[in-house]
Amino acid sequence: MLFAITVLVFLMQVLLPGDPVDIMTLGQPVDAATRAGLRRELGLDLPVHEQYLSYLGGLVRGDLGRSVRTRRPVMEEIRTRYPNTLRLAAASMAIAILIGVLTGVLAAVYRDTLIDLVVSTLATLGLSVPAFWLGLILIFQFGVTWQLLPVMGFDSWRHLILPASTLGLILAAAISRMVRSSLLDVLRLDYVRTAKAKGLNAQHVLWRHAMANALIPVITIVGLQVGAVLGGAFIIEVVFAFPGIGELAIRAIQYRDFPLIQGVTLVVALTTVAANLLVDVLYGVVNPQIQFS
Amino acid sequence: MKGTLGRLIRVPSFWIGAVLVGLLVLVALVGPALTPGDPYAMNVRQRLQPPSPEHWLGTDEFGRDVFTRIVHGSRLTLRIGFVSVGIALVVGGLMGVLAGFLGGWFDVVVMGLVDVLLAFPAILLALAIIAVLGPGLTNTMIAVGIAAVPGFARVVRAATLDVKERVFVEAARALGGSSAHVMRRHIGTNIVSPVVVLVTLQFPIALLSSAALGFVGLGAQPPEPEWGAMLVSARDYLRRAPWLVNAPGIAIVLTVLGFNLLGNALRDAYDPTQRHA
């Protein structure tokens, strides 16, 4: 898996149309000697497999090359921004789980009532709203009209509230639906009826007995959301001018800054793989039927 | 099939979805002919006008009529949907049928690649492809389409494997039908229902991704009246012209909602055991 990722990320550079030297010199004509010098500096004069080996060698030393535009090391650019994106993703995920589970349980317990209808309608709408548009609406309400919260940059935790809420609300929609339907499936089962029949408190049955089993499909969907939260963060960071790697990547694509693009792609790919692994482990903790060999 | 249709027409979400999607198609077909304005015509003296009888949805920072641009944008929306879903369907569908039908090393290689790609969210795959191809509307459609290929390949392969073991396929082969014939006639026609569901549910995903890419400046480029790209100026003029936020956003929501409702209704009707709330 890791090998496949490094090959794919490396191939992005080979496949890139146009000469990277032209991009670096911003299309200005340069003499042949300068051109050859730049090619040597970037390692473009070597055959492809040697380029890959030197790329891998750089990776091992933590060297991802230099940004074509700012000339700063890619590693440094990513290191200053990566923690911000992680904070945004974690905060969004927390909001999504909190709202998703609460509304899902409410809808299941009060099924076929007004509460259920409202929750289900909002969840369906939530799956149809573009996150960046919700972000604009929240900026307008909380930042412009009521002037309650900052809408740009990341100087304090208050800057996190709007972007994390935007992403969290969107992701909560899918979680809420999943919690509702899986809890409804479980509530029908015999063991829940038995627990109620032996006189256990309804709250206890719901949260201890039913939720224990309803959580398993919920963790699946939350695991899938880990990817979605990263993808969503990329767009949301642009909306809120949030200094994370998403905003960095999108600017890098606009400027065709390929060392930076490759670096971010690699970091994001590794993050996704790590997150998927974490979800698998969590799965084992919640579901004792799964054994790790 | 009759039972499926019967279930379908009793679901209200099917009707709401069908009406919303039908409305979009109608606007795309006849809208531009009925709105006399030019979606690209600038008028500096009319810039940033609030909604009025003359400009129903106001004007943008170049004095262009927002309503006209929304109507013309509906064509772009449909084109983005058809082209990107078409790419995913053709490429992913072929990969899936071949992998499922042929099996062996081809199956192992294709599905191995699909599994690696499925580990990443589609929007990030699309971004990586745009990083290679460069920004723009055409590249966005290609990128969003390719990003959906792994999902299509997996579903089509599973459906193919399911059909492959049925008696009529065995009979067709026993009667001497060639592989190509069996794939086209017998397998192709029998995996239509899961594919229809998949296609309908891919539309909203493709539209949301393309709009997001348009918004961050990597998709449709100005002055194209793409709804996502139209929201860029909405952000820049949020204080002076808040009406610019509403129209493109609501247009996207209604379209995506329509396809979502339609797709969910189709899925529930084709597969009553997998009823999602």
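**Observations regarding the overall build of chain A**
Helix and strand counts for chain A stand at 12 helices and 0 strands. Start at the N end of chain A and walk to the C end: the helices and strands fall as α-α-α-α-α-α-α-α-α-α-α-α. Here the C-alpha radius of gyration of chain A, 24 Å, is well above what a compact globule of 293 residues would show, namely 19 Å. Counting only C-alpha atoms and orienting by the principal axes, one finds that chain A spans roughly 85 × 55 × 30 Å. Expressed as a percentage of the 293 residues in chain A, the buried residues total 48%. Counted over contacts in chain A with a minimum sequence separation of 6, partners at least 24 positions apart contribute 72%. As displayed, chain A offers around 14700 Å² of accessible surface, 66% of which is attributable to carbon and sulfur atoms. Positive and negative side-chain charges of chain A, numbering 22 and 18 respectively, have mean locations separated by a distance of 8 Å.

**Brief notes about the confidence of the model for chain A**
In the predicted model, chain A carries a mean pLDDT of 82, and 91% of its residues have values of at least 70. Mean pLDDT across the elements of chain A bottoms out in helix H2 (residues 20-24) of chain A (63) and peaks in helix H5 (residues 74-109) of chain A (91).

**Quick word on the packing of helix H6 (residues 114-126) of chain A against helix H8 (residues 158-187) of chain A**
All names here are of chain A. Direction vectors running N to C along H6 and H8 enclose 135°, while the axes themselves pass 8 Å from each other. Comparing their axes, H8 and H6 come out oblique. Crossing of H6 against H8: the hand is left-handed. On H8, the residues that touch Asp116, Val119, Ser120, Ala123, Thr124 and Gly126 of H6 are Ile170, Ala173, Ser176, Arg177 and Arg180. Its residues placed into classes, the contact of H6 with H8 shows 4 nonpolar, 4 polar and 3 charged.

**Regarding the domain arrangement of chain A**
Interfaces are often sized by the amount of accessible area the parts lose when they come together. Domain boundaries in chain A define domain 1 (2-60) and domain 2 (79-286). Using C-alpha coordinates to define each centre, domain 1 of chain A is positioned 38 Å away from domain 2 of chain A.

**Here's the deal with a nonpolar patch on the surface**
A surface patch of nonpolar side chains, amounting to about 630 Å² of accessible area, comprises Leu23, Val25, Leu26, Val27, Leu29, Val30 and Leu34 of chain B. Structurally, leucine 26 of chain B is set in helix H2 (residues 12-34).

**Focus on the side chain of serine 84 of chain B**
All names here are of chain B. By the element assignment, serine 84 lies in helix H3 (residues 66-102). Among the polar contacts listed, one links the side chain of serine 84 to the backbone oxygen of glycine 81, at a separation of 3.5 Å. Leave out the neighbours within four places in its chain, and serine 84 touches Met141, Val144, Gly145 and Ala206.

**Brief notes about the interface of chain B and chain A**
With 38 residues of chain B at the interface, the matching set in chain A holds 40 residues. Here chain B meets chain A over a buried area of about 3500 Å², counting both sides, of which 79% is carbon and sulfur. In this structure, the connection of chain B to chain A is made through 0 salt bridges. Here the side of chain B that touches chain A gets 11 residues from one element, more than from any other, and that element is helix H11 (residues 243-270) of chain B.

**Looking at the environment of leucine 89 of chain B**
Residues and elements named next belong to chain B. In this fold, leucine 89 is placed in helix H3. For leucine 89, a relative accessible area of 31% gives the class partly exposed. Spatially, the C-alpha atoms of leucine 89 and valine 109 are 19 Å apart, while their sequence positions differ by 20 residues. Apart from residues lying up to four places away in sequence, leucine 89 is in contact with Leu94, Phe152, Val195 and Val199.

**Remarks on the packing of aromatic side chains**
Residues and elements named next belong to chain B. Under the definition given, this model contains 7 aromatic pairs over all chains. Ring centres of phenylalanine 82 and phenylalanine 203 lie 5.3 Å apart, and the angle between their planes is 85°; this geometry places the pair in the edge-to-face category. Here the residue phenylalanine 82 occupies a position in helix H3, and phenylalanine 203 occupies one in helix H9 (residues 192-215), the gap between them amounting to 121 residues. Note on phenylalanine 82: relative accessible area 54%, which makes it exposed. Aromatic ring contacts, followed pair by pair, group Phe82, Phe203 and Phe259 into a single cluster.

**Some words on the confidence of the model for chain B**
Residue and element names in this part refer to chain B. With 96% of its residues at a pLDDT of 70 or more, chain B has an overall mean of 85. Confidence, expressed as mean pLDDT per element, reaches its minimum in chain B at helix H1 (residues 2-9) with 70 and its maximum at H3 with 91. Quick note on the complex model: pTM equals 0.86, ipTM equals 0.86.

**What about the side chain of serine 233 of chain B?**
All names here are of chain B. Relative to the assigned elements, serine 233 resides in helix H10 (residues 227-236). On the accessibility criterion, serine 233 (13% relative accessible area) is buried. Among the polar contacts listed, one links the side chain of serine 233 to the backbone oxygen of methionine 230, at a separation of 3.1 Å. Sequence-distant contacts of serine 233, that is, excluding residues within four places in its chain, are made with Glu61 and Leu244.

**Here we look at H3 of chain B**
With 37 residues, H3 of chain B extends 52 Å between its outermost C-alpha atoms, agreeing within 8% with the 54 Å of an ideal straight helix rising 1.5 Å per residue. Downstream of H3 of chain B by one or two residues, glycine 103 of chain B has phi in the positive range, about 65°.

**A short note on the pattern of salt bridges**
Residue and element names in this part refer to chain B. Overall, the coordinates contain 12 salt bridges over all chains when judged by the stated rule. Between aspartate 60 and arginine 64 there is a salt bridge, with the nearest N and O atoms lying 2.9 Å from each other. This pair shows no difference in class: aspartate 60 is buried, exactly as arginine 64 is. The partner of aspartate 236 in a salt bridge is arginine 235, and the shortest N-O contact between them spans 4.0 Å.

Cut-offs used in this document
- Residues numbered from 1 in each chain as written.
- Chains lettered and ligands numbered in written order.
- Predicted model: local features only at pLDDT ≥ 70, side-chain atom pairs only at ≥ 80, totals over all residues.
- Heavy atoms only, no water.
- Helix = DSSP H or I, 4+ residues; strand = E, 2+ residues; numbered from the N terminus.
- Rg over C-alpha atoms; globule rule 2.2 N^0.38 Å.
- Buried < 20%, exposed > 50% of the residue type's maximum accessible area, 1.4 Å probe, protein only.
- Contact = heavy atoms within 4.5 Å.
- Areas by Shrake-Rupley, 256 points an atom, 1.4 Å probe, with all protein chains shown as cover.
- Lys, Arg positive; Asp, Glu negative; His and termini not counted.
- Charge placed at Lys NZ, Arg CZ, Asp CG, Glu CD.
- pLDDT = per-residue confidence, 0-100.
- Axes fitted to C-alpha atoms, helices over the stretch in contact; angles between N-to-C directions.
- Parallel < 35°, antiparallel > 145°, perpendicular 65-115°, else oblique.
- Left-handed = near helix turned anticlockwise from the far one by under 90°.
- Nonpolar A, V, L, I, M, F, W, Y, C, P; charged D, E, K, R; others polar.
- Domains from an automatic or database assignment.
- Patch = residues over 30% accessible without salt bridge, like charges linked within 9 Å, V, L, I, M, F, W, Y side chains within 5 Å.
- Salt bridge = Lys/Arg side-chain N within 4 Å of Asp/Glu carboxyl O.
- Polar contact = N/O pair within 3.5 Å; in protein donor to acceptor, adjacent residues only side chain to side chain.
- Buried area = accessible area lost by both parts, 1.4 Å probe.
- Phe/Tyr/Trp six-rings, centres within 6.5 Å; stacked < 30°, edge-to-face > 60°.
- Expected span 1.5 Å × (residues − 1).

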